[in-house]
Structures are given as structure tokens and as C-alpha cells.
Amino acid sequence: MEEKIIENDNDERPCDNVIVDKEDKENNEEDEIDMKTRDLNDNFSVSIDMYDPGRWENIDNKLRDLLVEKGSIRESDINFPKDENSKHFSTSYYTRKLSNVEKHDRRWLIYSKDFDKVYCFCCKLFSTKSNVTQLGNEGTKDWKNLGTKLKSHETI
């Protein structure tokens, strides 16, 4: 399922509208080649792992547009590594449980396999030097306090 950012007339956050599921990733094998290497100034190319937010550095407008167009990729069949306290990321963090028992998908939350960290898709793409968040900048792997950090991030 691919959704794009749309004009927001309700209380949803823009990043709630952007996601591409794993099945779509597998169906777009040809696009993967185009996304991993992009041409800069026609003189050289840079290899970018589009599926790992920990690798997104120096995001320019072309890369930002491409990432928004393709949406975030979420893989759920990963065996998440444990830290020194035997804690690890869990796919249960992808869902926010509201006080009225409803469940809300945190589509903006993305995991980096290479860095074993989570990031906010929207903050990673749109943060500025004056508006930096941990989930948007360096990510976090503080699994013990992740629930609190996610709640705090959702109230920003």
C-alpha cells in the first residue's frame, strides 16, 4: 500500500499519511536499483540505501522528493538484536494504544537494521538546524525508555 502526503484537513499528522509496506518493496525490484544510486551533477553518483534511514545523510530536495514519493519501508520479519541489558526493538512499538483502547499505527516510525535504531520518517526528512529532534537526527536505541520517548515525540 503506497500513500502520499495529502492536504491535511483533519487532525492527522502529515507523516501519518506516508507508508509503503514490505510487499510493495518486493514488487518494486526495478525501482530499487534506481533508488540506490542517483546521479548528482551528471559527474558522479552516490550510492544510497533508501531502505535504511540511518544511511540518509545530506538529504537534498531530489532525495527528499524520492523518499516521500516511495514512502517509508517497514520490515516486520527482522530478528532484532538485543543490547547489553537484553532489551531490543519490537514491532509492537509500531502501534500506539490510546486510552480509549483504540490502536493507532505509528506509520512515521522506521527502524534501521544497519544501526539498530529507530527514527521518525518525517523528522528525518524535514528537520532543520533550528528544529532538531533525536528521532529525526541521530535516532535512538534506548529500548528501555522508547515508549516514553515515542509518547513525548507524538506531543511535539
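For clarity, every value in this text was computed on a predicted model and none was experimentally measured.

### Points about the overall build of the protein chain
In terms of regular secondary structure, the protein chain is built from five helices and eight strands. Sequence-ordered secondary structure for the protein chain, helices as α and strands as β, is β-β-α-α-β-β-α-β-β-β-β-α-α. Counting all 156 residues of the protein chain, 39% fall into the buried class. A separation of at least 24 residues holds for 51% of the contacts in the protein chain among residues at least 6 apart in sequence.

### Focus: the state of the cysteines
Following the criterion strictly, the structure yields zero disulfides and no others. Lacking any disulfide linkage, C123 is separated from the closest cysteine sulfur, that of C120, by 3.4 Å.

### Here's the deal with the nonpolar core
Within the largest apolar cluster, 28 residues are counted, with the highest numbers of intra-cluster contacts made by F89, L109, Y111 and V118. Sorting elements by how many residues they give to this core places helix 4 (residues 121-126) first, with four residues.

### Let's talk about the pattern of salt bridges
Pairs can form between side chains of opposite charge whenever their charged atoms are close. Tallied over the entire structure, the rule returns seven salt bridges. Close ionic contact of E154 with R96 constitutes a salt bridge, the shortest N to O distance being 3.3 Å. With E154 in helix 5 (residues 146-154) and R96 in strand 5 (residues 95-97), this pair connects stretches of sequence that are 58 residues apart. Here E154 and R106 are joined by a salt bridge, their closest N and O atoms 2.6 Å apart.

### A short note on the confidence of the model for the protein chain
Where the model shows low pLDDT, its predicted coordinates should not be examined in detail. Residues at a pLDDT of 70 or more form 67% of the protein chain, whose mean pLDDT is 74. Low confidence marks residues 27-45, where pLDDT is under 50. Its contacts with residues over four positions away, or in another chain, come to 25 contacts.

### Looking at the environment of S112
Mapped onto the elements of the fold, S112 is located in strand 7 (residues 109-112). Residues S112 and P53, 59 residues apart in the sequence, show an inter-C-alpha distance of 5.8 Å. A polar side-chain atom of S112 sits 3.1 Å from the main-chain amide nitrogen of F115.

### What about unusual backbone geometry?
Even without a glycine there, the phi angle at N58 is positive, about 45°. Relative to the assigned elements, N58 resides in the loop between strand 4 (44-47) and helix 3 (61-70). Positive phi values are uncommon outside glycine, yet S86 reaches one of about 65°. Since its relative accessible area comes to 52%, S86 is described here as exposed.

### A look at the pairing of strand 7
Across the two faces of strand 7 the burial is the same, with L109 and Y111 and I110 and S112 all buried. Note: strand 7 against strand 8 (residues 117-120), four bridges, orientation antiparallel. When the bridges of strand 8 are listed, I110 appears paired with Y119. Here strand 7 folds back onto strand 8 in antiparallel fashion, the turn holding four residues, of which D116 has a positive phi close to 50°.

### Brief notes about the packing of aromatic side chains
Summed over all chains, the structure comprises seven aromatic pairs. With a centroid separation of 4.8 Å and an interplanar angle of 85°, the aromatic rings of F80 and Y111 are classed as edge-to-face. Linking F80 in the loop between helix 3 and strand 5 with Y111 in strand 7, this pair joins segments that are 31 residues apart in sequence. Per residue, the accessibility class of F80 equals that of Y111, and both read buried. A ring pair is formed by F89 and Y93, whose centres lie 5.7 Å apart and whose planes are at 25°; its orientation type is stacked. Ring pairing ties together the aromatic residues F80, F89, Y93, Y94, Y111 and W143, which thus form one cluster. Directly above the aromatic system of Y94 lies the positively charged group of R74, at a separation of 4.0 Å from the ring centroid.

What counts and what doesn't
- Residues numbered from 1 in each chain as written.
- Predicted model: local features only at pLDDT ≥ 70, side-chain atom pairs only at ≥ 80, totals over all residues.
- Heavy atoms only, no water.
- Helix = DSSP H or I, 4+ residues; strand = E, 2+ residues; numbered from the N terminus.
- Buried < 20%, exposed > 50% of the residue type's maximum accessible area, 1.4 Å probe, protein only.
- Contact = heavy atoms within 4.5 Å.
- Disulfide = S-S within 2.5 Å.
- Core = buried A, V, L, I, M, F, W, Y, C linked by side-chain atoms within 4.5 Å.
- Salt bridge = Lys/Arg side-chain N within 4 Å of Asp/Glu carboxyl O.
- pLDDT = per-residue confidence, 0-100.
- Polar contact = N/O pair within 3.5 Å; in protein donor to acceptor, adjacent residues only side chain to side chain.
- Pairing = 2+ DSSP bridges.
- Phe/Tyr/Trp six-rings, centres within 6.5 Å; stacked < 30°, edge-to-face > 60°.
- Lys NZ or Arg CZ within 6 Å of the ring centre and 35° of its normal.

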